[in-house]
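# Close look at the chain arrangement
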Amino acid sequence: MFCIKENYDCWHLGWNGERQELAEQLIREAGATNDEAVRLEKYQEAQLIFAEDALIIPVCCVPETVAMRSNVTGFIQNPLGTYMFNELTLTD
């Protein structure tokens, strides 16, 4: 979101030049491949650029405390607080 010029006006963040272009290239390449290992590598490299350049500084975090029964497995809550039920299973 913060590095693709068409998606978000990164120029208003004061982020432009070679580092922005490299991050944009990595994100585009990651999104264009079905190879999970390659995608992970490219997203991780882009994340390092984001962290080093400190594009944003989070001021709050969604709490991730979730209570559930012991017979529930596979529950995931992503960093934005959204519940993911794709792998959820319930045993007797």
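Everything below is about the structure printed above this text.
Sequence order sets the numbering: in each chain, residues are counted from 1 along the sequence as written. pLDDT decides what is reported in this predicted model: residues at 70 or higher carry local features, side-chain atom pairs at 80 or more are listed and counted, and totals for whole chains, interfaces and linings draw on all residues regardless. Note: side-chain values were computed over all heavy atoms of the structure, leaving out hydrogens and water.

Every helix listed is a DSSP run of H or I at least four residues long, and every strand listed is a run of E at least two residues long, numbered separately from the N terminus. Across its full length, the chain carries two helices and four strands. What you see in the chain, going N to C, is helices and strands ordered as α-α-β-β-β-β. Only protein chains enter the calculation, and the probe is 1.4 Å; a residue is then buried if its accessible area is under 20% of its type maximum, exposed if over 50%, and partly exposed in between. Looking at the chain as a whole, 18% of its 92 residues qualify as buried. Accessible area of the chain: about 7,300 Å², with a carbon and sulfur share of 55%. Computed by Shrake-Rupley with a 1.4 Å probe, the accessible areas treat only the displayed protein chains as cover when residues are assessed.

On to the nonpolar core, then. Membership of the largest hydrophobic core is limited to six residues, which are Trp 15, Ala 23, Leu 26, Ala 46, Ile 49 and Phe 50. Residue assignment for this core shows that the elements contributing at least two residues are helix H1 (18-31) and helix H2 (36-53). Among the elements that make up this core, the one with the highest residue count is H2 (three residues). We call a set of buried Ala, Val, Leu, Ile, Met, Phe, Trp, Tyr and Cys residues a nonpolar core when their side-chain atoms join them within 4.5 Å.

Turning our eyes to something else, we now look at H2. At 3.6 residues per turn, the α-helix brings residues three or four places apart onto the same side. The end-to-end C-alpha distance of H2, which contains 18 residues, comes to 26 Å, matching closely the 26 Å that a straight helix rising 1.5 Å per residue would cover. For H2, the complete set of buried residues consists of Lys 42, Ala 46, Ile 49 and Phe 50. Within H2, the buried residues cover an arc of 100° as seen down the axis, which keeps them to one side. Exposed side of H2, more than 90 degrees from the buried face: Glu 36, Ala 37, Glu 41, Leu 48, Ala 51 and Glu 52 are the residues found there. Contacts are assigned to residue pairs that have any heavy atoms within 4.5 Å of one another. Packing partners of the buried residues in H2 comprise H1. In protein, a polar contact means a hydrogen-donor-capable atom and an acceptor-capable atom, both N or O and within 3.5 Å, with residues adjacent in sequence counting only if both atoms are side-chain atoms; elsewhere, any N or O pair within 3.5 Å suffices. Between a side-chain oxygen at the N-terminus of H2 and the backbone nitrogen of Ala 37 the separation is 3.0 Å; the capping residue is Asp 35. Ala 54 occupies a position one or two residues after H2 and carries a positive phi of about 50°. Expected helix span is taken as 1.5 Å per residue step, with the number of steps being one fewer than the number of residues. Arc definition: directions from the helix axis to the C-beta atoms.

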